[in-house]
Amino acid sequence: MNRVDTAAVAGSVLEKHFALVPPEKYRYPEVLSFHAFAKLALDRNDAVLLDRCLALMKPLYTGKLTQMFGAYDFYRLGGSAFALLVAAGKLPEEKETLRKSIDEWLAAGPRCREGFLGSQNPNHPTTHVWIDMVFATCPYLTLGGLALDRPELLDEAVRQLELMRDFFRDPATGLYHQSLGKLGPDRLSDDFWSRGNGWGLFGLAESYRFLPENHPGREEIGRILADHLTSCCDVQDGNGMLHQEMSREDSYVETSGTGLFLFALGVALETGLLPERFRENLLAGLRGYLAYIGLDGSVHNCCCGCLCPGDGSKEAYMQRPYALNDPHGFGPASLAFGQAAKIGIAAIGG
């Protein structure tokens, strides 16, 4: 196999995503890809890439796009990507927009049991709790706290991630379930869904990376992240990939969860949270991932939308279809390969 430039892969999957999905169709998968786009531009100090990202995002934070993006109103601004760009000083004129968004969101709620931030989508009952929520809320809070110099927002992000651990972590495996309450009061789904674990890892990794070293909650978030990552490493297959139902290798290889896992693993290596021996897990996963990414940036084997299907059993999750170029697949791939480039893995392959 020829060696492949990791940064080029990170960029190509994003270009494929935004070539396929027009602005009027943007939803939360595009929000994740915008985060990947902003990170890639900032990490590489690439002014051309940054201008491209800002041009794509401008219809969001200027209010020209008003469709329902998913669970949270702040998706309409660009979600965590918007907060990242404001915190990085690339949108100084939008600080007030960010402040207003956070204050209105936190004042209105809703919150689920024990203070977990619930969905703002009226179609999602507040009795239903999802691990997906931390992907949206925790990086937005952390980056918003930094941008606005508001430490209480950092504290809230830490609280949310600790609640995620308390609700969803399986003590026997260290893996996480997706849903609490959809199947009945206090009832967990039976899954260890790949992208669900990835949503949790993304929230943990981006919050850990940006929390100041002297923040009192950073050490605990690091422990939660390290525990989750090592548990995921235990279920990587022979090609370094995760499967749709992570405890079952007879389920299909699933790329979106794998990408979010590899991204978080790269963050843990960058920050020194995990020792260098885990670089082999990252390299194996990146090599395996390449088999599912086309030369044109297409991404294969991504699970379609998945909100606790059927009876929430492992088999129900395994039966969810996968697709070529499902929008959920691009952001994770870009994050994984972009983070690899950031920590010095410039190329991957034979």
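Our structure's up above, just so we're on the same page.
Keep in mind that this is a model prediction, so the values were computed, not measured.

Enquirer: I would appreciate a short explanation of the overall build of the chain in the present structure.
Expert: For the chain, the count of helices and strands is 13 helices and six strands. Here the chain has a C-alpha radius of gyration of 18 Å; the compact-globule value for 350 residues is 20 Å, and the two agree. C-alpha extents for the chain along the principal axes are approximately 50 × 50 × 40 Å. Per-residue burial for the chain yields a buried fraction of 62% across its 350 residues. For the chain, the computed accessible surface area is about 13,000 Å², with 50% contributed by carbon and sulfur atoms. A gap of 3 Å separates the mean positions of the 33 positive and 43 negative side-chain charges of the chain.

Enquirer: Explain the pattern of salt bridges here, please?
Expert: Two side chains carrying opposite charge are able to pair once their charged atoms lie near each other. Applying the stated criterion across every chain yields a total of 25 salt bridges. The closest approach of N and O atoms between lysine 16 and aspartate 296, which form a salt bridge, is 3.0 Å. Of this pair, lysine 16 sits in helix α1 (residues 6-20) while aspartate 296 sits in the loop between α11 (279-290) and β4 (302-303); the two residues are 280 residues apart in sequence, bridging distant segments of the chain. What makes aspartate 296 partly exposed here is its relative accessible area of 43%. We note a salt bridge from arginine 150 to aspartate 103, for which the minimum N-O separation is 2.9 Å. Residue arginine 150 is located in the loop between α6 (132-148) and α7 (151-168), and its partner aspartate 103 is located in helix α5 (residues 95-108); the two are separated by 47 residues in the primary sequence. By relative accessible area, which is 26% here, aspartate 103 ends up partly exposed. Put simply, Lys39, Asp43, Glu206, Arg209, Glu270 and Lys342 are held in one network by salt bridges that share partners.

Enquirer: I keep staring at the side chain of aspartate 170 and nothing clicks. Help me out?
Expert: For aspartate 170, the location among the structural elements is in the loop between α7 and β3 (179-180). No salt bridge is formed by the buried aspartate 170; its nearest oppositely charged neighbour, arginine 169, is found at 7.3 Å. Residue contacts for aspartate 170: discarding those within four places in its chain leaves Leu175, His177 and Phe192.

Enquirer: Mind showing me how you'd approach the nonpolar core here?
Expert: A general tendency of soluble globular proteins is for nonpolar side chains to be buried together. The biggest cluster of nonpolar side chains holds 121 residues, and the ones touching the most others in it are Phe116 and Phe337. No other element matches α6, which puts ten residues into this core. Non-local contacts of phenylalanine 116, meaning those with residues more than four positions away in its chain, are made with Arg111, Val129, Trp130, Met133, Val134, Gln160, Leu163, Met164, Phe167 and Phe168.

Enquirer: What should I look at first to understand the environment of leucine 148 in this one?
Expert: Mapping leucine 148 onto the fold places it in helix α6. With 52 residues separating them along the chain, leucine 148 and glutamate 96 place their C-alpha atoms 9.0 Å apart. Not counting the four nearest positions on each side in its chain, leucine 148 is found in contact with Lys95, Leu98, Arg99 and Ile102.

Enquirer: Sorry if this is basic, but what is going on with the packing of helix α3 (residues 47-61) against helix α4 (residues 79-87) here?
Expert: Two numbers describe a pair of packed helices, the interaxial angle and the distance between the axes. Viewed as axis vectors pointing N to C, α3 and α4 meet at an angle of 120 degrees, and their least axial separation amounts to 11 Å. One element, α3, and the other, α4, form an angle in the oblique class. In the crossing of α3 with α4, the sense of the turn from one axis to the other is left-handed. Taken together, the residues of α4 that come into contact with α3 (itself represented by Leu50, Cys53, Leu54, Met57 and Tyr61) are Ala81, Phe82 and Leu85. Residues belonging to the contact of α3 with α4 are distributed by class as follows: eight nonpolar, no polar and no charged.

What counts as what
- Residues numbered from 1 in each chain as written.
- Predicted model: local features only at pLDDT ≥ 70, side-chain atom pairs only at ≥ 80, totals over all residues.
- Heavy atoms only, no water.
- Helix = DSSP H or I, 4+ residues; strand = E, 2+ residues; numbered from the N terminus.
- Rg over C-alpha atoms; globule rule 2.2 N^0.38 Å.
- Buried < 20%, exposed > 50% of the residue type's maximum accessible area, 1.4 Å probe, protein only.
- Areas by Shrake-Rupley, 256 points an atom, 1.4 Å probe, with all protein chains shown as cover.
- Lys, Arg positive; Asp, Glu negative; His and termini not counted.
- Charge placed at Lys NZ, Arg CZ, Asp CG, Glu CD.
- Salt bridge = Lys/Arg side-chain N within 4 Å of Asp/Glu carboxyl O.
- Contact = heavy atoms within 4.5 Å.
- Core = buried A, V, L, I, M, F, W, Y, C linked by side-chain atoms within 4.5 Å.
- Axes fitted to C-alpha atoms, helices over the stretch in contact; angles between N-to-C directions.
- Parallel < 35°, antiparallel > 145°, perpendicular 65-115°, else oblique.
- Left-handed = near helix turned anticlockwise from the far one by under 90°.
- Nonpolar A, V, L, I, M, F, W, Y, C, P; charged D, E, K, R; others polar.

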